[in-house]
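Commentary on secondary and tertiary structure
Here is how the chains run, residue by residue.
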Amino acid sequence: GESVGLHLPTLSVQEGDNSIINCAYSNSASDYFIWYKQESGKGPQFIIDIRSNMDKRQGQRVTVLLNKTVKHLSLQIAATQPGDSAVYFCAENIGGGGSNYKLTFGKGTLLTVNP
Amino acid sequence: NAGVTQTPKFQVLKTGQSMTLQCAQDMNHEYMSWYRQDPGMGLRLIHYSVGAGITDQGEVPNGYNVSRSTTEDFPLRLLSAAPSQTSVYFCASRPTGSIGEKLFFGSGTQLSVL
């Protein structure tokens, strides 16, 4: 079954607000997590990643938080802009052996930024 | 660098027809993969390859064949198209090595099977 899921399929925010997109995973062996952004008609683009030995990682306007206790991942976007409107996917990698090459993606959250 | 290039961008097939989706990358990546994206289903792995001459199945391999004769190219073949294969297909590549390597995606091929 789908081990990577999202709490909210859609999220609508005002320009300038902060956005938080959540993701749950069920496999405790997952050792690497990654967020992708997909704009309409385009392929997914890398945003940020985090390994399971970390709790937090920051990029430019984005922060990923990992809570291994409750198997929860979140993507925070600061000062959301209209250009951030897209579908956001989380993906997990289950560590070890051949599964190192099989990223499992969640179903995605549609973020809409209102001007 | 062009990155990951997929052709065609759009394709309409009749049930039972065969076709090949092309994927090429110019980043000398050893790992290449094919995903399909359906509404509400996210991205699902079809096949992947960790180098020339090596391929393996992903989550949804049935109905698809792949081969990897060169590092640059990883074509996906539909031998007898079915309406259930109507989807958007993405090719992706990355270097092998540590799991921290990011996947680079192509722009996708939208396939409709009537």
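Residues numbered from 1 in each chain as written. Chains lettered and ligands numbered in written order. Predicted model: local features only at pLDDT ≥ 70, side-chain atom pairs only at ≥ 80, totals over all residues. Heavy atoms only, no water.

1. Quick word on the overall build of chain B
From N to C terminus, chain B includes zero helices and 11 strands. The N-to-C order of helical and strand elements in chain B reads β-β-β-β-β-β-β-β-β-β-β. Relative to the compact-globule value of 13 Å for 114 residues, chain B shows a C-alpha radius of gyration of 13 Å, a close match. Expressed along its principal axes, the backbone C-alpha trace of chain B runs to roughly 40 × 30 × 25 Å. For chain B, the share of sequence-separated contacts (at least 6 apart) that also reach a separation of at least 24 residues comes to 53%. Charge centroids of chain B, computed over 8 positive and 8 negative side chains, lie 8 Å from each other. (Helix = DSSP H or I, 4+ residues; strand = E, 2+ residues; numbered from the N terminus. Rg over C-alpha atoms; globule rule 2.2 N^0.38 Å. Contact = heavy atoms within 4.5 Å. Lys, Arg positive; Asp, Glu negative; His and termini not counted. Charge placed at Lys NZ, Arg CZ, Asp CG, Glu CD.)

2. Considerations on the packing of aromatic side chains
The full count for this structure, using the stated rule, is 10 aromatic pairs over all chains. Judged by centre distance (5.4 Å) and plane angle (85°), the rings of tyrosine 36 of chain A and phenylalanine 105 of chain B are edge-to-face. With tyrosine 36 of chain A in strand β4 (residues 30-38) and phenylalanine 105 of chain B in strand β10 (residues 104-105), this pair bridges two chains. Each member of the pair tyrosine 36 of chain A and phenylalanine 105 of chain B is classed as buried. Cluster of aromatic residues (ring-pair linked, three or more members): Tyr36, Phe46 and Phe105 of chain A together with Tyr35, Phe90 and Phe105 of chain B. (Phe/Tyr/Trp six-rings, centres within 6.5 Å; stacked < 30°, edge-to-face > 60°. Buried < 20%, exposed > 50% of the residue type's maximum accessible area, 1.4 Å probe, protein only.)

3. A closer look at the pairing of strand β3 (residues 19-25) of chain B
Residue and element names in this part refer to chain B. Alternating residues of β3 divide into Met19, Leu21, Cys23 and Gln25, all buried, and Thr20, Gln22 and Ala24, none buried. As defined by bridge partners, strand β1 (residues 4-7) adjoins β3 across four bridges and the pair is classed as antiparallel. The partner of glutamine 6 across the bridge, within β3, is cysteine 23. In the sheet, β3 pairs with strand β8 (residues 76-78) via three bridges, with the strands oriented antiparallel. Looking at β8, one finds that threonine 20 is bridged to arginine 77. (Pairing = 2+ DSSP bridges.)

4. Looking at the interface of chain A and chain B
The partner chain B presents 24 residues to the 21 residues of chain A that form the contact. Summed over both partners, the interface of chain A with chain B buries about 1800 Å², with 59% contributed by carbon and sulfur atoms. Viewed at the interface, chain B and chain A are joined by three residue pairs in polar contact (both at pLDDT 80 or more). Broken down by secondary-structure element, the contributors of at least two residues to the side of chain A that touches chain B are β4, β5 (45-51), β9 (86-94) and β10 (103-105) of chain A. By residue number, the principal contributor to the side of chain A that touches chain B is β4 of chain A, which donates four residues. Split into classes, the residues belonging to the side of chain A that touches chain B amount to eight nonpolar, seven polar and six charged. (Buried area = accessible area lost by both parts, 1.4 Å probe. Polar contact = N/O pair within 3.5 Å; in protein donor to acceptor, adjacent residues only side chain to side chain. Nonpolar A, V, L, I, M, F, W, Y, C, P; charged D, E, K, R; others polar.)

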